[in-house]
Amino acid sequence: MAEVTTKWTKHARCPICGGSYFRHVPLGRADTWHQQLANQPQWKRYRGLPENAEVAFNEPRLAWDQPTFDLAPVATQHVRCANCASLLPPQFLGEAKSRVLLITTGMPEAGKTTWLKCLFNPAQKKHLIAEPTSLISRDPYYYIEPYTIANPDPRTAIPILLHGMRLTFQRRAIDIAGIDIKGEVFHQRTTTPDKYMRVLDILKNLRAMKFAELFVMFVVPFDPTRSRQNIGQLTSHLTNEPGSRGAWQGVIWTHLDQAQLRSAEDLLAFLASSNDAAALAQRVIEGADNVFDSKFVAATADLERLVQQKQGWTANLDLLESLTWLLYRIMIAYNALPARFHHGNAEFYYTFMDGLGEKLVHATMRVAAALFAAWDNAGRGDFAPMIRESMMPGTELRFPVLPCGLEFLQTGGDGDDGLPVWGDLLLLEILRRHG
Ligand SMILES: Nc1nc2c(ncn2[C@@H]2O[C@H](COP(=O)(O)OP(=O)(O)OP(=O)(O)O)[C@@H](O)[C@H]2O)c(=O)[nH]1
Ligand SMILES: [Mg+2]
Ligand SMILES: [Zn+2]
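Please read these numbers as outputs of a predicted model, since none were measured by experiment.

Cut-offs applied
- Here the residue numbering is sequential within each chain, running from 1 through the sequence in written order.
- Numbering of ligands from 1 and lettering of chains from A proceed in the order in which they are written.
- pLDDT decides what is reported in this predicted model: residues at 70 or higher carry local features, side-chain atom pairs at 80 or more are listed and counted, and totals for whole chains, interfaces and linings draw on all residues regardless.
- We count a stretch as a helix when DSSP gives it H or I for four or more residues in a row; a strand needs E for two or more, and each element gets its number in order from the N terminus.
- In this scheme every C-beta is placed from the backbone, and a residue whose C-beta has 20 or more other C-beta atoms within 10 Å is buried, one with 12 or fewer is exposed, and one in between is partly exposed.
- Our contact criterion uses C-beta atoms placed from the backbone: two residues qualify when those atoms are within 7 Å.
- When DSSP finds at least two bridges between two strands, those strands are taken to pair.
- Between the first and last residue of a helix there are one fewer steps than residues, each counted as 1.5 Å, and that sum is the expected span.
- An arc is given here, and it is the one of the directions from the helix axis to the C-beta atoms.
- Any residue whose backbone-placed C-beta atom lies within 6 Å of a molecule or strand is treated as near that molecule or strand.
- Polar here means any residue other than Ala, Val, Leu, Ile, Met, Phe, Trp, Tyr, Cys and Pro, which are nonpolar, and Asp, Glu, Lys and Arg, which are charged; Gly is therefore polar.
- Only C-alpha atoms enter the line fits that serve as axes; for helices the fit covers just the stretch in contact. Angles between N-to-C directions range over 0 to 180 degrees.
- Think of a nonpolar core as buried Ala, Val, Leu, Ile, Met, Phe, Trp, Tyr and Cys residues chained together by C-beta atoms that fall within 7 Å.
- Residue ranges for the domains trace back to a domain assignment, done automatically or taken from a database.
- Oblique is the label for every angle not falling under 35 degrees (roughly parallel), over 145 degrees (roughly antiparallel), or within 65 to 115 degrees (roughly perpendicular).
- Left-handed describes a crossing whose near helix is turned anticlockwise from the far helix through less than a right angle; right-handed describes the clockwise counterpart.
- The predictor attaches a confidence to each residue, and that confidence, scored 0 to 100, is pLDDT.

J.: Would you mind showing me how to read the overall build of the chain here?
T.: Counting its regular elements, the chain contains 14 helices and 14 strands. For the chain, with 435 residues in total, the buried portion stands at 44%. For the chain, the proportion of contacts with a sequence separation of at least 24, taken over those separated by at least 6, is 78%.

Following this line, the structure appears as structure tokens:
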């Protein structure tokens, strides 16, 4: 097989240390990587890890390949920074104008890594809005240090992971460079100051890099039981730079599959003042096939308004959860639509009946934004004023809340059998903004 080789431009910078010298490395077994790491203390240092830090390997055999630290005699696909020894996905090194930077940030266990992995490598997943069919194809960089993208365990001691994917849409190709920051860095920033400071340095390096588009995604889990600490103020350093308002920011709302229907009766009573909204909820509760009808957009507009008008959500969390359940059921129902009309997901979204999919999706996302804000108002969030401001009633939605969740297969038992239901909406948005 002909080896793909990676080139870097004159202006390429290492996101981890800011370095500008690179070298090609060959593939070797992952345990080779593991042994060689002992001679590369800078690799850990630049991640804020102590020299004796264990790099977690739960998989005992390490049978897969991993780019080593050796200097390759010929050009390869795999590139390391000559200064900090970090493996850099090719997507970090190419032309700035065809390159998009995607940062996920949020508290521990929010679902950041799961979401990115499902987005970049959806091979066996279902519930995707835009499948990599005829229109969109994606080609992930397979290696994430110290894991490959296919490693079943996404958890790692490494505070920063770099992902990469090439997205091709019609004749356009876009490189997506993804940065996954471990939530621990924000959560325990006083107990892990080294990691926190390293992340700030890395963000400084990133600001100096040129990108066509910057997407900062706040990953927030749906969590009705606890009031989890969230990311709001903690990430102001990501957002308050002059000029960074041009960057695109959004919320990825995960774990929506956990929302339950607390009371059908209360849900219907809350929506009773709108025939359309009540009928929509009724259909979903009954498990009807025709969740979407000609009144759908009117129904969701009423729903959104009712949610925004209601005061005192703190005392009505069960109702709020039932509404969130309704949202997730609508998302699942949408997912079955394109096939019913014998269309691919992207075609259904963009072109079928003047973009029927897009209209339904945007109506649903308005509901998601209203519900997300209601949870926040009920004291179940802690979000930066900037996010709140962008979700105020009346603001044109700039894709602020991207609802997604994993629907775990009933029979599958443990493991990541599920997938982010609407994660691909972000791909569509990236493509649109880039087009
Ligand atoms: N039910 C459900 N589980 C999810 C969802 N997203 C992620 N998970 C699970 O939540 C756990 C944490 O997910 P991760 O992706 O590792 O979370 P993270 O934000 O990367 O966490 P840190 O790297 O520690 O900051 C894993 O067990 C995932 O399988 C979701 O939408 N629904
Ligand atoms: Mg993670
Ligand atoms: Zn470097």
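J.: When you look at the sheet that holds strand E4 (residues 78-81) in this model, what are you seeing that I'm missing?
T.: In any sheet, the strands associate via hydrogen bonds between backbone groups, in a parallel or an antiparallel arrangement. Read across the open sheet, the 3 strands follow the order E1-E4-E5; overall the sheet is antiparallel. Either end of the sheet is taken by a strand with one partner, and the two such strands are strand E1 (22-25) and strand E5 (87-88). Sheet topology places E1 next to E4; 4 bridges connect them, and they run antiparallel. Bridge pairing links His 24 to Val 79 in E4.

J.: How should helix H9 (residues 296-309) be read in this particular structure?
T.: Three- or four-residue spacings in an α-helix give side chains the same orientation, since the helix completes a turn every 3.6 residues. Compared with the 20 Å implied by 1.5 Å per residue over 14 residues, the 20 Å span of H9 between its first and last C-alpha is a close match. Inspection of H9 places Phe 296, Ala 299, Thr 300, Leu 303, Glu 304 and Val 307 among the buried residues, and these make up the whole buried set. Projection of H9 onto a plane perpendicular to its axis shows the buried side chains occupying an angular sector of 135°, all on one side. Looking at the buried positions of H9, the neighbouring elements they touch are helix H7 (264-271), helix H8 (275-286), helix H10 (317-340) and helix H12 (356-377).

J.: How should unusual backbone geometry be read in this particular structure?
T.: With the exception of glycine, the majority of residues adopt a negative phi angle, and the majority of peptide bonds are in the trans configuration. Here Glu 145 and Pro 146 are connected by a cis peptide whose omega angle stands at 0°. Note on placement: Pro 146 falls in the loop between strand E8 (143-144) and strand E9 (147-148). Backbone geometry places Glu 109, a non-glycine residue, at a positive phi of 65°. Summarising the element assignment, Glu 109 is placed in the loop between strand E6 (99-105) and helix H3 (112-120).

J.: Mind showing me how you'd approach the site of ligand 1 here?
T.: Around ligand 1, a shell composed of 22 residues is seen, among which Gly 111, Lys 112, Thr 113, Thr 114 and Gly 183 lie nearest. Ranked by residue count, the leading element in the shell around ligand 1 is H3, at 3 residues. Here the residues of the shell around ligand 1 sort into 6 nonpolar, 9 polar and 7 charged.

J.: For this particular structure, what's the right way to read the pairing of strand E13 (residues 248-254)?
T.: On a regular strand, one side chain projects to one face of the sheet and the next to the other, so that they alternate. Counting buried residues in E13 gives 6 out of 7 residues, a clear majority hidden from the surface. Where E13 meets strand E14 (residues 401-403), 3 bridges bridge the pair, whose relative direction is parallel. The partner of Val 251 across the bridge, within E14, is Val 401.

J.: Mind showing me how you'd approach the sheet that holds strand E10 (residues 160-169) here?
T.: Taken together, the 7 strands give an open sheet; going across it, the order is E7-E10-E11-E6-E12-E13-E14, and neighbouring strands pair in mixed fashion. At either margin of the open sheet sits one strand with a lone partner, and together these are strand E7 (136-140) and E14. In this sheet, adjacent strand axes meet at a mean angle of 25° when their direction is disregarded. The strands touched by helix H14 (residues 424-434) within the sheet are E6, E7, E10, strand E11 (172-181), strand E12 (213-221), E13 and E14, with E12 carrying the most contacts at an inclination of about 160°.

J.: Teacher, can you tell me more about the nonpolar core here?
T.: Here is a general trend for soluble globular proteins: nonpolar side chains tend to be buried in one another's company. Counting 105 residues, the largest nonpolar core has Trp 253, Leu 327, Ala 368, Leu 371, Phe 372 and Leu 402 as the members making the most contacts within it. The element best represented in this core is H12, accounting for 11 residues. The residue makeup of this core includes at least three contributed by each of domain 1 (22-254) and domain 2 (256-379). Beyond its immediate stretch of four places on either side in the chain, Ala 368 contacts Trp 253, Leu 327, Val 401 and Pro 403.

J.: In this structure, what is going on with the packing of H10 against H12? I would like to understand it.
T.: Between two packed helices, both the angle of their axes relative to each other and the distance between the axes serve to describe the pair. Packing of H10 against H12 leaves a shortest axis separation of 10 Å and a crossing angle of 160°. As the angle between them shows, H10 and H12 are arranged roughly antiparallel. Where H10 crosses over H12, the two elements pack in a sense that is left-handed. Here Leu 320, Leu 323, Thr 324, Leu 327, Ile 330, Met 331, Tyr 334 and Pro 338 of H10 come into contact with H12, specifically with Gly 357, Leu 360, Val 361, Thr 364, Val 367, Ala 368, Leu 371, Ala 374 and Trp 375. Counted by class, the contact of H10 with H12 contains 14 nonpolar, 3 polar and no charged residues.

J.: I tried to follow the confidence of the model for the chain on my own but got confused; where do I start?
T.: The predicted structure's coordinates, where accompanied by low pLDDT, should not be read in detail. When pLDDT is averaged across the chain, the result is 82; 80% of the residues are at 70 or more. Under a pLDDT of 50 for its full length, residues 409-416 has, in the predicted model, 5 contacts with residues more than four places off or in other chains.

J.: Even after reading the chapter, I still don't get the packing of H7 against H10, so can you show me in this structure?
T.: Look at H7 against H10: their axes get within 9 Å of each other, and the N-to-C directions meet at 85°. Of the possible angle classes, the one that applies to H7 and H10 is roughly perpendicular. Residues Asp 266, Leu 267 and Phe 270 of H7 pack against Asp 318, Leu 319, Ser 322, Leu 323 and Leu 326 of H10. Here the contact of H7 with H10 is composed, by residue class, of 5 nonpolar, 1 polar and 2 charged.

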